[in-house]
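# Observations on the model geometry
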Amino acid sequence: MAAARPPTPGGPVTSAMMHLHARTSSVAGQRRKDSRTPGSGGKSRARLRSSLGMASPDSTLPALSPEAGGRPKSGASPRHVPVVRLKVVTDTDLGLAQGVQFKTMDLNSIIRLLMEDPQDDLEEKQLQCIKMMVQCYQNGFPLRDLAQIFKIMSLCTEKIEKQPSFLDPVCEILKLCRLPFLKKKTSDEITYAKEISEAVSLLGNLIKVPNSELRIQLCKCIVDFYHAEPLKKQIAGYQQVTSAYKFQMIESGGLAEILVLSWDLLQTELLEKLWLLKTLQHLSTSEVNCNLMIKAQAANKICSCLNNPDPSGQLLFRSSEILWNLLEKSSKEEIIKQLSNLECLLALKEVFKNLFTKGYRHYDRQLRNDILVITTIIAQNPGAPMIESGFTRDLILFATFNEVKSQDPLVKGLKLSNHYEDFELKKLLFNVIVVLCRDLPTVQILIEGKTVEALFTYVKKTERHKVIEWSAAQHEELQLHAIATLASVAPLLIDDYLACNGNARILMFLEWCVNEETFFSQGNSFHGTGGRGNKFAQMRYTVRLLRAMVSLGNDTVNEDLCGHGAIKQLIGILKIAVNKLKEEAIVLEIKSDILLILSGICENHSQRKETFGTEGVDIILHLMKVDPKKFQSGLGHNRLLFSTLDCLWCCILGCYTLEDYFLEKEGIFLLLDLLALNQKNFCNLILGIMVEFCDNPKTSVHVNTWRGKKDQTAANLLIKLWREEEKDLGVKRDEDGKIIDAKKPLMTSFQEEQKVIPMPASCPTTSIMEVSENIRAKIYAVLGKLDFENLPGLSAEDFVTLCVIHRYLDFKIHATHKQKDMANKSWAKFLTRTSNAKALKKAKKLQEKAIESSRTKEYPQNAIIHSTDLKGLNITENSDGKLFAAKIEQKPNGRSALKKALKDPAPQQNVSVKHVNQEDLTQNFLTDTSEAQTKKLKKKTTKDNQITTKNAKST
């Protein structure tokens, strides 16, 4: 049974992913047993010394007393010092003291015996030898002999089909493989690593033998690799190999891939399949094995069999565990790709539906939630056939049946409890709605499922005395999750949103959020962050929802919102947040979102700007007085200032009364103070606001009056910003700020390095993008509104830079003239080709040379080369005349006429050479045609000439 899991915080997608990691780690930890290594070395030697009566080298030898028959301690002569004979203890002696002596066998002779041709009594002799080998290695296989032993097992396996008596020896060898391997030297692990890795891959091939007993024994052997018990008897001179070494050999041998590739062989036998699943479950705890399994399409094969009959329930449980491990330890994208097919989704759908409607045990609920998380991850792939499988409809039904009564028999009489697993299910269903709504065809199913109506049941204040199925903390968490889900779903379902009177319900809920009614929020989960003991979390997600709806720019939604008095209410909330609430991250986020909502509502609507009023302007002015040090606090002051400036642009500019009030309150001074901070993120936006404000004739006085640090003027600040911008862009200027390259006065280093990239006609040019991306055009516009004259506080360098700024627009028309000159030259060359035969021949040669240089020089053998040239065609432009020339080539008269036309060209005139040639050729060609053909050809020639002339004029 799966282990219980704690609550998983996270948004619509992060919650599912955190559920995945927590779930997999918990189950993997339960399945994994600690390997135990028997003590050896120092401890063994200490025990041996104790048994032989030897002292430890760290202890001092006691002096012999006379009573014990020894020599006197102090009066003894130096010549009578006793000699102590110490026995040298070998590794063999240590082994004898700890366990049994290991006997070796000639394994090569057994291999040769098994490879001999069948003879009388040979089978009995072979079996006897293998039996002796099994008896010899009953305490484990040494690493040095493992490759030969696996070779013997492989030879025995080949004989099973014709000689069934070899099955038992193979099973006995597999049982011994379940014991820990033995090493005589520490270096044995490295020395025999390659041989053992190859041997392990041979071990996996046993799964292909059509014998149930052998397959089950093989799976038991591999499973015991992960749960090997220590040896009961120690072998003389050998140590036990760690379990990690066995895992490494399994990975390098590719055993996991071999077993997955054999999956289809076990489809008929349930017991074999369950043992294989158990084996793969243990193998999937390794990242290397997971990658090998994915390579063999493990996710697809296992998922497609989820709904197979299994009375034990192990198939579903073990399959889900393997899918969890694969998702955690290998490529999630590849797994999603393997599971995004109709067969897998139908299997997942049936399993989830059965567990949802019929599962009653704690284990069933956990497994149901696990399947839902896997489904949510698959649904992230737009190509997954979620709608085609019917899974989308069922999921939306399960997510909303508790809030919106449904007559569907699938949920009739179904009810969720307040157990943790059902609570987790509800959150996961909200998650999957957010993921599903990214696929636009899902919108119709969301409408049919009344999703918006169901989610809006949570957008209301909590009623204490009402009997509800969730606890207070659970209801609060679901409330926040539902509002966050609405922010993703409601913008797609505007009609349903308006039908539910969404704007009015949101504004009512916001009013409850700011009133002083007592409310003890739990602040649980990801969505409740920062909302413990207050209503900040509810306010944050409600404002986010409103921001998502306003950002659509839908006139009906915004008109309805203003009709309910949203502007005044939001300004009131903003005023409370500014004056009474602490500057916490969640409060700053709420302020920023409210400002963006006001910007979206008031933009391009003068009446709404008047509703914004002076009260709104006062709040904007207050928020602009920000301490620059707070930008580094990480609480969100940068974002708040962006929102403030955006609200200034959308809610104040364009309304003359508010502009004048802003100027009276020294708003321009605050703007220039922010500009003087030289924050690159804000400069572009502030200068854009300055450009708009300068349309007001009262602004220039305020700009010229402003003084910054060290008595800096606005003109000096703007010119300084220009120089810094050009320095960053790499524009070429000398020490005095003068232009170095007169041909490219505004060219940046980036533009010079950038290659020519073909772009569609609908995309803006690089020149236009350059104007919008840097601040030079805005500085030019502001100084232009100030007339470039009588600017106070400028130095000599400033005047030089001011001259460059003054000519900024002239340097930009410069580029336009260059383009026109190029177009004129191109047209002149075209006219030359149409009126001068020599120019036409020269252009034709250049064209042929360019075509030839573009062709490949080497062709593959036996390739058939077709000529694409039309011989005798004397044009360098595409036109319908090619077809006519191709027809003329079939007649000798036409060809000779064409040659004659080329030798004696017509006098230069504003008619294409091609036209003259076609008329002459037509006259020669008509001599051999009938009257009907003549009329037809004349009509064709006239039409060709008209088309060609039309093309030339359009060009």
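Reading the values: rules and limits
- Residue numbers restart at each chain and count upward from 1, following the sequence in its written direction.
- With pLDDT at 70 or above as the cut-off, local features in this predicted model cover only qualifying residues; side-chain atom pairs require 80 or more to be listed or tallied, and sums for whole chains, interfaces and linings still use all residues.
- Water and hydrogen atoms were dropped before computing side-chain values, which therefore reflect all heavy atoms in the structure.
- Secondary structure follows DSSP: runs of H or I at least 4 residues long count as helices, runs of E at least 2 residues long count as strands, and numbering of each begins at the N terminus.
- Each residue's exposure class comes from its accessible area (1.4 Å probe, protein chains only) as a fraction of the maximum for that residue type: buried when under 20%, exposed when over 50%, partly exposed otherwise.
- Throughout, a contact is declared for two residues whenever any of their heavy atoms are within 4.5 Å.
- We score Asp and Glu as negative and Lys and Arg as positive, and we do not count His or the chain ends.
- Throughout this description, the term salt bridge denotes a Lys or Arg side-chain nitrogen within 4 Å of a carboxyl oxygen of Asp or Glu.
- Multiplying 1.5 Å by the residue count of a helix minus one yields the expected span of that helix.
- Buried residues of nine kinds, namely Ala, Val, Leu, Ile, Met, Phe, Trp, Tyr and Cys, make up a nonpolar core once their side-chain atoms join them within 4.5 Å.
- Stacked, edge-to-face and tilted labels apply to pairs of Phe, Tyr and Trp rings (six-membered ring for Trp) whose centres lie within 6.5 Å, assigned for plane angles under 30 degrees, over 60, and everything in between, in that order.
- We call a charge positioned above a ring when the Lys NZ or Arg CZ atom is no farther than 6 Å from the ring centre and deviates by at most 35 degrees from the ring normal.

The next thing to look at is the overall build of the protein chain. Each helix and strand in the protein chain was counted, giving 47 helices and two strands. Every one of the 955 residues in the protein chain was classed for burial, and the buried ones make up 46%. Taking as baseline every contact in the protein chain between residues at least 6 positions apart, the subset at least 24 positions apart corresponds to 77%.

Another point: the side chain of E257. Within the element layout of this structure, E257 appears in helix 12 (residues 255-261). No salt bridge is formed by the buried E257; its nearest oppositely charged neighbour, K295, is found at 4.3 Å. Ignoring anything within four residues of it in the chain, the contact list for E257 reads L292, K295 and A296.

Taken as a whole, this structure holds 29 salt bridges when the rule is applied. Salt-bridge contacts for D422 lead to R365; the nearest nitrogen and oxygen are separated by 3.8 Å. In this pair, D422 is assigned in helix 21 (residues 420-436) and R365 in helix 19 (residues 362-379), connecting sequence segments 57 residues apart. Comparing D422 with R365, the two get one shared label, buried.

Between its first and last C-alpha atoms helix 35 (residues 680-693) spans 21 Å; for 14 residues at 1.5 Å apiece the expected length is 20 Å, and the two agree. Across the 14 residues that make up helix 35, a large majority, ten, are buried. Among the residues of helix 35, those classed as buried are F682, C683, L685, I686, L687, G688, I689, M690, V691 and F693. Against the buried residues of helix 35 lie helix 32 (637-651), helix 33 (656-664), helix 34 (667-676), helix 36 (699-705), helix 37 (714-729) and helix 40 (776-785).

What follows deals with the nonpolar core. Core analysis: the biggest nonpolar cluster contains 244 residues, and L598, F612, L645, L648, L671, F693 and L783 have the highest contact counts within it. Take this core: its biggest share by element is ten residues, from helix 30 (residues 585-602). Not counting residues up to four positions away in its chain, the partners in contact with F612 are I567, I571, L598, C602, V617, I620, C647, C651, I652 and L658.

A separate point is unusual backbone geometry. Positive phi outside glycine occurs at K450, with the angle close to 50°. The exposure class assigned to K450 is partly exposed, which follows from its relative accessible area of 43%. Despite not being glycine, N501 has its phi angle at roughly 55°, a positive value. Its location among the elements puts N501 in the loop between helix 25 (494-499) and helix 26 (502-514).

Moving on, we come to the packing of aromatic side chains. Per the counting criterion, the structure on display carries 21 aromatic pairs. Consider the rings of Y137 and F141, whose centres lie 5.5 Å apart with planes at 55°: the pair is tilted. Each member of the pair, Y137 together with F141, is buried. When the centroid spacing of 6.0 Å and the interplanar angle of 55° are considered together, the rings of F317 and Y363 count as tilted. Here Y363 lies in helix 19 and F317 lies in helix 16 (residues 314-329), a separation of 46 residues in the sequence. Taking NZ or CZ as reference, K246 lies 4.5 Å from the ring centre of F181, over its face. Above the ring of W512, the side-chain terminus of K535 is found at 4.6 Å from the ring centroid.

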